[in-house]
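# Architecture and fold: a report
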Amino acid sequence: MRPDRGNFWRMACWNEAAALGLMDLADALRADERLPAEVREFVIMRTAFRCGASLPVAHHSAAARSLAVPEWLIEAAIGRAQLPLDDGFGDVAAVVDSLVADKQAEPEAFERLQARLGPALALDIVMLTGLYITVSLVMNACAITCEDKD
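Parameters and conventions
- Residues numbered from 1 in each chain as written.
- Predicted model: local features only at pLDDT ≥ 70, side-chain atom pairs only at ≥ 80, totals over all residues.
- Heavy atoms only, no water.
- Helix = DSSP H or I, 4+ residues; strand = E, 2+ residues; numbered from the N terminus.
- Buried < 20%, exposed > 50% of the residue type's maximum accessible area, 1.4 Å probe, protein only.
- Contact = heavy atoms within 4.5 Å.
- Areas by Shrake-Rupley, 256 points an atom, 1.4 Å probe, with all protein chains shown as cover.
- Salt bridge = Lys/Arg side-chain N within 4 Å of Asp/Glu carboxyl O.
- Polar contact = N/O pair within 3.5 Å; in protein donor to acceptor, adjacent residues only side chain to side chain.
- Arc of directions from axis to C-beta.
- pLDDT = per-residue confidence, 0-100.

## A short note on the overall build of the protein
- Within the protein one finds eight helices and zero strands.
- Along the protein, from the amino end to the carboxyl end, the secondary structure elements read α-α-α-α-α-α-α-α.
- Within the protein, the fraction of its 150 residues that count as buried is 44%.
- Within the protein, counting contacts between residues at least 6 apart in sequence, those at least 24 apart form 65% of the total.
- Just so you have it, the protein exposes about 8100 Å², and 57% of that area is on carbon and sulfur atoms.

Have a look at this one:
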């Protein structure tokens, strides 16, 4: 039996220590502004989209628009458009997609990502993907969708 539907944080507060840890990790990844906002939002949207979690897709699509992320990039993150070849986001998408599907980064794309952004930012992308896989799992397990934004 599934718990009552509702707000993610209300669900997560059934284990307050875990919820606070998750929020601390999210804050740490967001507060470190080394990762450009458009890359951060792309990773979050792509991860949630690949995991089938509609609420973070909707929330971060709106956040991306407020941060002036180009609409084509938002549409590509959520599978409504193709990424242009060799724009750098293809490697980000390949890494995110392989992490979601296979729980490991596609090696060649990850190497190119490290060469382009450096090892620290490439690792930030892996950690951000892992965080939003977790967020998506909670959303999906609790059947929280974008209609449940209360």
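## Things to note about the pattern of salt bridges
- Counted by the stated rule, this structure contains seven salt bridges.
- Linking Arg-34 and Asp-124 is a salt bridge whose minimum nitrogen-to-oxygen distance equals 2.8 Å. With Arg-34 in the loop between helix 2 (16–31) and helix 3 (37–51) and Asp-124 in helix 8 (residues 119–141), this pair connects stretches of sequence that are 90 residues apart.
- For Arg-34, a relative accessible area of 43% gives the class partly exposed.
- For Asp-97, the salt bridge identified is with Arg-46, shortest N-O distance 2.8 Å. Within this pair, whereas Asp-97 is found in helix 6 (residues 89–102), its partner Arg-46 is found in helix 3, the two being separated by 51 residues in sequence.
- Here Arg-46 falls in the buried class, since its relative accessible area comes to 8%.
- One connected set of salt bridges, linked through shared partners, spans Arg-46, Arg-50 and Asp-97.

## Observations concerning the environment of Ala-53
- Mapping Ala-53 onto the fold places it in the loop between helix 3 and helix 4 (54–66).
- Taking the C-alpha atoms as reference points, Ala-53 and Ile-133, separated by 80 residues in sequence, lie 9.2 Å from one another.
- Apart from residues no more than four positions distant in its own chain, Ala-53 is found in contact with Ala-48, Ser-136, Met-139 and Asn-140.

## Digging into the side chain of Glu-41
- You can see Glu-41 is positioned in helix 3.
- One polar contact links Glu-41 to His-60, side chain to side chain, over a distance of 2.7 Å.

## Details of unusual backbone geometry
- The backbone phi angle of Ala-68 is positive, close to 65 degrees, even though this residue is not glycine.
- Tracing the sequence through the fold places Ala-68 in the loop between helix 4 and helix 5 (71–77).
- Judged by its relative accessible area of 66%, Ala-68 is exposed.
- Of note in the backbone geometry, Lys-103 takes a positive phi value of approximately 65 degrees without being a glycine.
- As for its placement among the helices and strands, Lys-103 is situated in the loop between helix 6 and helix 7 (107–117).

## Considering helix 7
- Restricting attention to buried positions, one finds in helix 7 the residues Ala-109, Phe-110 and Leu-113. Here the buried residues of helix 7 occupy an arc of 100 degrees about the axis, which is enough to place them on one side. Of the residues in helix 7, the exposed ones pointing more than 90 degrees away from the buried face are Glu-111 and Ala-115.
- Its buried side turned inward, helix 7 meets helix 6 and helix 8.
- Immediately beyond the C-terminal end of helix 7, within one or two residues, lies Gly-118, with a positive phi of roughly 95 degrees.

## Considerations on the confidence of the model for the protein
- Averaged over every residue, the pLDDT of the protein is 85; residues scoring 70 or more account for 85%.
- Least confident of the elements in the protein is helix 1 (residues 8–12), whose mean pLDDT is 55; most confident is helix 6, at 96.
- A low-confidence stretch, residues 1–6 (pLDDT under 50), is modelled with 16 contacts involving residues beyond four sequence positions or located in other chains.

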